[in-house]
Amino acid sequence: MFGVAASSLGNVLIAWQDDTVVRVYILPAGGEDYIAELFQDWQWPASLKRQDKTAQQLINDRLFSNGTWTGEFPDDLTLGFYGTDFQWTAMNAILKVRSGKTVSYNDVALAAKAPKAARAVGSVCAKNPLPLVVPCHRILATQGGLGGYGYGLAMKRQLLEWEAK
């Protein structure tokens, strides 16, 4: 199933199957056209069906509070993503970075027991299919800069500022 709900970040699309969240997208303006593109480019499972009400509840009640990002994702939802053992380990290390905290790509590499893999952690973050949920916006450059973010540095700054409050 998938659904789209409005949030303080813009429209957010969440796709899930059974109780497993498989994709999260922050949609740009004109998101309806973007959704059509997503469904052309991705091989979504046939069982995915649109359920805006469920998505609205998940997004507004579980991820946002009155439309404002809470910084936390519910622990009772299962996350579904694919990858190598290193990618899994890095994603799990990123999941442990709590709201209001930041760590470096190097810190995640160390947590993933791959101390020379800071650049690979950057690649994992860039390919993150579950932004907001797997909070790669909390991962900063080793020298202290913001690093990158798939939705732009302005959004990364905004998320970090919200979480710092």
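Computed from a predicted structure; not experimentally measured.

Definitions and cut-offs
Residues numbered from 1 in each chain as written. Predicted model: local features only at pLDDT ≥ 70, side-chain atom pairs only at ≥ 80, totals over all residues. Heavy atoms only, no water. Axes fitted to C-alpha atoms, helices over the stretch in contact; angles between N-to-C directions. Helix = DSSP H or I, 4+ residues; strand = E, 2+ residues; numbered from the N terminus. Parallel < 35°, antiparallel > 145°, perpendicular 65-115°, else oblique. Contact = heavy atoms within 4.5 Å. Nonpolar A, V, L, I, M, F, W, Y, C, P; charged D, E, K, R; others polar. Expected span 1.5 Å × (residues − 1). Buried < 20%, exposed > 50% of the residue type's maximum accessible area, 1.4 Å probe, protein only. Arc of directions from axis to C-beta. Salt bridge = Lys/Arg side-chain N within 4 Å of Asp/Glu carboxyl O. Core = buried A, V, L, I, M, F, W, Y, C linked by side-chain atoms within 4.5 Å. pLDDT = per-residue confidence, 0-100. Pairing = 2+ DSSP bridges.

Peer 1: Where do I start with the packing of helix α3 (residues 85–95) against helix α5 (residues 118–126) in this structure?
Peer 2: When two helices pack together, their arrangement is given by the angle between the helix axes and by the axis-to-axis distance. Interaxial distance between α3 and α5 falls to 10 Å at its minimum, and their mutual angle equals 80 degrees. If you check the angle between α3 and α5, you find them roughly perpendicular. Across the interface between the two elements, Phe86, Gln87, Ala90, Met91 and Ile94 of α3 pack against Ala120, Val121, Val124 and Cys125 of α5. Taken together, the residues of the contact of α3 with α5 break down into 8 nonpolar, 1 polar and no charged.

Peer 1: I would appreciate a short explanation of helix α6 (residues 153–164) in the present structure.
Peer 2: What sets the pattern is the α-helix's 3.6 residues per turn: residues three or four places apart point alike. Over its 12 residues, α6 extends 16 Å from the first C-alpha to the last, a length consistent with the 16 Å expected when each residue adds 1.5 Å. For α6, every residue scored as buried is listed here: Met155, Lys156, Leu159, Leu160 and Glu163. Buried residues of α6, seen end-on, are gathered within an arc of 135 degrees and therefore sit on one face of the element. Structural note: α6 exposes Ala154 and Ala164 on the side pointing more than 90 degrees away from its buried face.

Peer 1: What's the story with the pattern of salt bridges in this structure? I'm lost.
Peer 2: Close approach of charged atoms allows side chains with opposite charge to pair. All told, the structure shown has 1 salt bridge when counted by the stated rule. A salt bridge links Glu163 to Arg138; the nearest nitrogen and oxygen atoms lie 2.8 Å apart. In this pair, Glu163 sits in helix α6 while Arg138 sits in the loop between α5 and β8 (139–140), placing the two residues 25 residues apart along the sequence. Of the two residues, Glu163 and Arg138, both sit in the buried class.

Peer 1: Is there a simple way to think about unusual backbone geometry in this case?
Peer 2: Negative phi characterises most residues that are not glycine, and trans characterises most peptide bonds. The backbone phi angle of Lys113 is positive, close to 60 degrees, even though this residue is not glycine. Here Lys113 shows up in the loop between α4 (105–111) and α5. A positive phi angle, close to 75 degrees, is found at Leu132, a residue other than glycine. Tracing the chain through its elements places Leu132 in the loop between α5 and β8.

Peer 1: Is there a simple way to explain the nonpolar core in this structure?
Peer 2: Buried together is how nonpolar side chains tend to be arranged in soluble globular proteins. The biggest cluster of nonpolar side chains holds 32 residues, and the ones touching the most others in it are Val21, Val24, Leu79, Val108, Cys125, Leu130 and Ile139. Elements supplying a minimum of two residues to this core: β2 (10–17), β3 (20–26), α3, α4, α5 and α6. Every residue in contact with Val24, bar those within four places of it in the chain, is listed here: Val12, Leu13, Ile14, Pro129, Leu130, Pro131, Val133 and Tyr151. Residues Phe2, Leu13, Val22 and Tyr25 belong to the second largest nonpolar core, which totals 7 residues.

Peer 1: What's the story with the confidence of the model for the chain in this structure? I'm lost.
Peer 2: It should be kept in mind that the predicted coordinates are not to be read in detail where pLDDT is low. Across the chain, the average pLDDT comes to 78, with 68% of residues at 70 or higher. Across residues 44–52 the pLDDT falls below 50, and counting only partners more than four positions away or on other chains, this stretch makes 21 contacts in the model.

Peer 1: Can you walk me through the pairing of β2 in this structure?
Peer 2: Consecutive side chains of a regular strand alternate in pointing toward one face of the sheet and then the other. Across 6 bridges, strand β1 (residues 2–7) lies against β2 in antiparallel orientation. Note that in β2 the partner of Phe2 across the bridge is Ala15. Adjacent in sequence and paired antiparallel, β1 and β2 are bridged by 2 residues. As defined by bridge partners, β2 adjoins β3 across 6 bridges and the pair is classed as antiparallel. Among the inter-strand pairings, Ala15 is bridged to a residue of β3, identified as Arg23.

Peer 1: Would you explain the environment of Leu13 in this entry?
Peer 2: Mapped onto the fold, Leu13 is located in strand β2. The exposure class of Leu13 is buried, given its relative accessible area of 0%. Separated by 11 residues in sequence, Leu13 and Phe2 place their C-alpha atoms 6.9 Å apart.

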